[in-house]
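Topology and contacts: notes
Take a look at the letters that make up each chain.
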Amino acid sequence: MLLVAVSGGIDSMCLAEKVRQDGGPFAIAHCNFSLRGEESDSDEALVRSWARENGIVCHVKRFDTKAFAASEGISVEMAARRLRYHWFGELCREHSYEAVAVAHNANDNAETLILNLLRGTGLRGIMGMKENGVLPDPDYADIPLLRPLLSLTREQIEAFAKAHRIPWHEDSTNALTDYKRNKIRNLVFPVFADINPSFIQTLNRDMERFCAERVAVHENGLFGAREGELSVQEESWDGTKAVKQPEGMLILDADKAGIAEGEAPVIDPWESGDWIKPLGAPGKKKLQDWFTDHHIPLDDKPFVPLLRSPEDRKHILAVIPFCIDHCVRVTADTRRILRISIKNA
């Protein structure tokens with residue numbers, strides 16, 4: 001049985017209606033993040049009403065999102081994301097739902113790509129969202145996350161809503177430019193549309209090609225992921241467990257590496273002058289010498305993925321999947337970790 005996330009906006013209301021028309025069993029889940037006062041309550045009422053009229057089980061939970069963000073030291077947007085997906089995981093466990101469906105569409109995917117490129121990204125950031133993934137929560141990472149609308153543009157979704165007379169609410173904050181995503185959507189994308197009216201489809205095709213070709217981006221061009229596809233998993237950490245570096249995987253402190261929560265790390269190839277202080281080693285070492293010591297063939301050096309320090313570009317924090325720098329080791333103070341490995345192609 002499927003759990004469908006429904007906010008009351010046009011995308012998720014269309015998703016719920018499409019799933020209903022398809023005829024399979026499903027329930028819906030609505031998060032009231034208590035961020036927009038009466039508008040948030042109106043969204044909740046709409047979702048409850050639609051579910052009642054169509055005989056669909058409806059789960060609703062109200063969150064104090066601002067308080068959670070303050071307690072965790074994260075943005076309100078990130079707090080809402082964490083609260084949302086964790087609750088979806090709890091519902092799946094409690095009610096035996098097999099998967100969660102969300103209403104991300106092609107426009108959302110294009111926005112995410114541009115945001116990732118602007119802040120700097122690696123392989124994961126240029127591949128975009130996937131139609132079939134898993135919940136981005138360490139406690140429920142085995143639960144499938146589906147995006148049935150990912151191939152549809154916002155215009156196509158609006159046409160579907162009109163044709164089927166689907167009720168929905170417009171989030172008034174979507175028109176604001178206070179947030180980065182809204183700036184991209186409201187200020188940048190209209191310019192893109194003037195240049196290429198089909199730019200949404202173009203960017204989504206590009207992301208599909210990146211997935212198929214499994215390439216990684218750095219500032220001077222492209223280098224192939226010769227060993228396979230980079231896998232990065234972010235997890236919360238309570239500091240009570242001992243950490244051993246498993247063979248073929250690196251575990252490091254995400255905050256010490258300067259990687260914000262939910263952010264894709266920037267992966268680069270080797271450059272002359274790179275250095276590292278390997279975990280457990282007595283001091284700094286030129287990366288070229290490290291390659292020699294570890295019998296990395298000269299032809300393979302450009303294909304070894306590296307994680308660089310945001311403070312000193314020549315300082316390498318991880319040689320993937322071989323070793324990490326001493327400064328990003330996991331300690332009792334660590335609160336977030338990254339697990340980085342390379343999946344064979």
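The text that follows walks through the structure, step by step, so that each part is easy to find. In this text the structure is predicted, and so the values were computed from the model without any measurement.

**Some words on the nonpolar core**
Counting 23 residues, the largest nonpolar core has L2, V4, V6, L15, F26, I28 and W50 as its most contacted members. Looking at this core, the elements that each hand over two or more residues are strand 1 (2-5), helix 1 (10-22), strand 2 (26-32), helix 2 (38-54), strand 4 (99-101) and helix 7 (154-163). No other element matches the six residues that helix 1 contributes to this core. Beyond its immediate chain neighbours, meaning those up to four positions away, W50 contacts M13, A16, E17, R20, F26, I28, I56 and P167. Of all hydrophobic cores here, the second largest spans 21 residues; its members include A29, F33, Y85 and W87.

**So, the sheet that holds strand 16 (residues 323-324)**
Taken together, four strands build an open sheet; the order of strands is 11-14-15-16 and the sheet is antiparallel. Every other strand in the sheet has two partners, leaving strand 11 (267-268) and strand 16 as the edge strands with one partner each. Relative to strand 16, strand 15 (residues 316-319) is paired through two bridges, and the arrangement is antiparallel. In the strand pairing of strand 16, A318 is matched with I324.

**What to know about the pattern of salt bridges**
Applying the stated criterion across every chain, the model contains 25 salt bridges. Here E72 ties to R82 by a salt bridge, and the two come within 3.4 Å at their closest N and O atoms. Residue E72 is located in helix 3 (residues 65-72), and its partner R82 is located in helix 4 (residues 76-95); the two are separated by 10 residues in the primary sequence. On the accessibility criterion, E72 (39% relative accessible area) is partly exposed. Ionic pairing is found between R154 and E111, a salt bridge with its closest N-O pair at 3.6 Å. Of this pair, R154 sits in helix 7 while E111 sits in helix 5 (residues 106-119), placing them 43 residues apart in sequence. R154 sits in the buried class, given a relative accessible area of 17%. You can call E111 buried: its relative accessible area is 0%. Connected through shared salt-bridge partners, D268, E271, D274, R308, R313 and K314 make up one network.

Conventions adopted
- Residues numbered from 1 in each chain as written.
- Predicted model: local features only at pLDDT ≥ 70, side-chain atom pairs only at ≥ 80, totals over all residues.
- Heavy atoms only, no water.
- Core = buried A, V, L, I, M, F, W, Y, C linked by side-chain atoms within 4.5 Å.
- Buried < 20%, exposed > 50% of the residue type's maximum accessible area, 1.4 Å probe, protein only.
- Helix = DSSP H or I, 4+ residues; strand = E, 2+ residues; numbered from the N terminus.
- Contact = heavy atoms within 4.5 Å.
- Pairing = 2+ DSSP bridges.
- Salt bridge = Lys/Arg side-chain N within 4 Å of Asp/Glu carboxyl O.

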